[in-house]
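Summary of the model geometry
Listed below, chain by chain, are the residues.
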Amino acid sequence: TGLDKCHDEINLLLQNNLTIKQLFLRQLKNVSSFVDNIKDTLRYSTIDFLSLWNCGLNDDTLKELCDYFPKNLKSLTISKNNITDKGIQSLIPYLKLSKLEILKLGNNQSINDQSLTIFDHLPQSLNTIKLEGNNIKVTDQLIVDIKEKVAKLYPNLKSIFLTQNKKISNVL
């Protein structure tokens, strides 16, 4: 299948000592099979940018992949999948050890306010987090709380995207 061919080509590049710095995967149909085939490739890779956009990831596949994400990733996109708050919780141990600068978790309709505990566990290197298009209730107090936490804990975090969530009051 096309998925097997993609996995084979990635492995071939790595076996020939070619460096893959960016891996963008879009709209995978059989993500479970792909996860099984690519996890070891990920673990030992030098990938800086990994995008798994609209790949049908769910909480279980995300939890499985978290053990294999390279620690040197600078950018991770897990947008437009089927991730819930449970999936976000499984991402936290990876985040604590990572060197991520950009984290994109937008358009996972089941992510809600409970996922905001992620702000207690972000890597110090993070400068951008995108949570747009989820099911987060954005309030004035939420914005104030996030700003205070970020100011104290994350001096490098400059961009937080919460647009296209549930706006239930005027946002500052």
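Remember, predicted model here, so these are calculated numbers, not experimental data.

Concerning the sheet that holds strand β1 (residues 22–26)
Taken together, the six strands give an open sheet; going across it, the order is β1-β2-β3-β4-β5-β7, and neighbouring strands pair in parallel fashion. Each edge of the open sheet is held by one strand with a lone partner, namely β1 and β7 (159–161). Direction aside, the axes of adjacent strands within the sheet are offset by 0 degrees on average. In this sheet, strand β3 (residues 75–77) lies alongside strand β2 (residues 49–53) in parallel orientation, the contact comprising three bridges. Each bridged residue has a counterpart across the sheet, and for Ser51 the counterpart in β3 is Thr77.

Some remarks on unusual backbone geometry
Here the phi dihedral of Asn54 falls at roughly 55 degrees; this positive angle occurs in a residue that is not glycine. Counting through the fold element by element, Asn54 comes out in the loop between β2 and α3 (59–66). The backbone of Lys80 sits at a positive phi, close to 55 degrees, despite the residue not being glycine. Owing to a relative accessible area of 38%, Lys80 belongs among the partly exposed residues under this scheme.

Quick look at the nonpolar core
Counting residues in each nonpolar core, the largest one holds 44 residues, and the members touching the most others are Phe69, Leu76, Leu91, Leu103 and Phe119. Leave out the neighbours within four places in its chain, and Leu76 touches Leu50, Phe69, Leu91, Tyr94, Leu100, Ile102, Leu103 and Lys104.

Overview of the packing of aromatic side chains
Within the structure shown, the criterion is met by one aromatic pair. Between Phe69 and Tyr94, the ring centres sit 5.3 Å apart and the planes meet at 70 degrees, which makes this aromatic pair edge-to-face. Separated by 25 residues along the polypeptide, Phe69 in the loop between α3 and β3 and Tyr94 in helix α4 (residues 85–97) bring together distant segments of the chain. Of the two residues, Phe69 and Tyr94, both sit in the buried class. For the cation-ring pair, Lys130 lies above Phe161, with the distance from its terminal atom to the ring centre recorded as 4.6 Å.

Topic: the pattern of salt bridges
One pass over the structure, following the stated rule, counts two salt bridges. In this structure, Asp120 and Lys149 form a salt bridge, with 2.4 Å as the shortest nitrogen-oxygen distance. Taken together, the residues Asp120 in the loop between β4 (102–104) and β5 (128–130) and Lys149 in helix α5 (residues 140–153) connect sequence positions 29 residues apart. Classification of Lys149 by relative accessible area gives partly exposed; the value is 29%.

The rules we used
- Along each chain, residues carry numbers from 1 onward, in the same order as the chain's sequence is written.
- The predicted origin of the model limits local features to residues at a pLDDT of at least 70 and limits the giving and counting of side-chain atom pairs to 80 or more, whereas totals for whole chains, interfaces and linings rest on all residues.
- Only hydrogens and water are removed before side-chain values are computed, so all heavy atoms of the structure are retained for them.
- Strand pairing is assigned whenever DSSP identifies at least 2 bridges connecting the two strands.
- Put simply, DSSP marks the helices as runs of H or I at least four residues long and the strands as runs of E at least two long, and each gets a number from the N terminus on.
- Lines fitted to the C-alpha atoms define the axes, with helices restricted to the stretch that makes contact. Angles between their N-to-C directions range from 0 to 180 degrees.
- Summary of the burial criterion: residues with accessible area below 20% of their type's maximum are buried, those above 50% are exposed, and those between are partly exposed, where the area comes from a 1.4 Å probe applied to protein chains only.
- As used in this record, nonpolar core signifies buried Ala, Val, Leu, Ile, Met, Phe, Trp, Tyr and Cys residues forming a set joined through side-chain atoms within 4.5 Å.
- What makes two residues a contact is simply this: any of their non-hydrogen atoms within 4.5 Å.
- The pairing test for Phe, Tyr and Trp rings, Trp by its six-membered ring, is centres within 6.5 Å, and the orientation test on the planes gives stacked under 30 degrees, edge-to-face over 60, and tilted for anything in between.
- The rule for a charge over a ring is simple: NZ of Lys or CZ of Arg within 6 Å of the ring centre, and within 35 degrees of the ring normal.
- The working definition used for a salt bridge is a side-chain nitrogen of Lys or Arg within 4 Å of a carboxyl oxygen of Asp or Glu.

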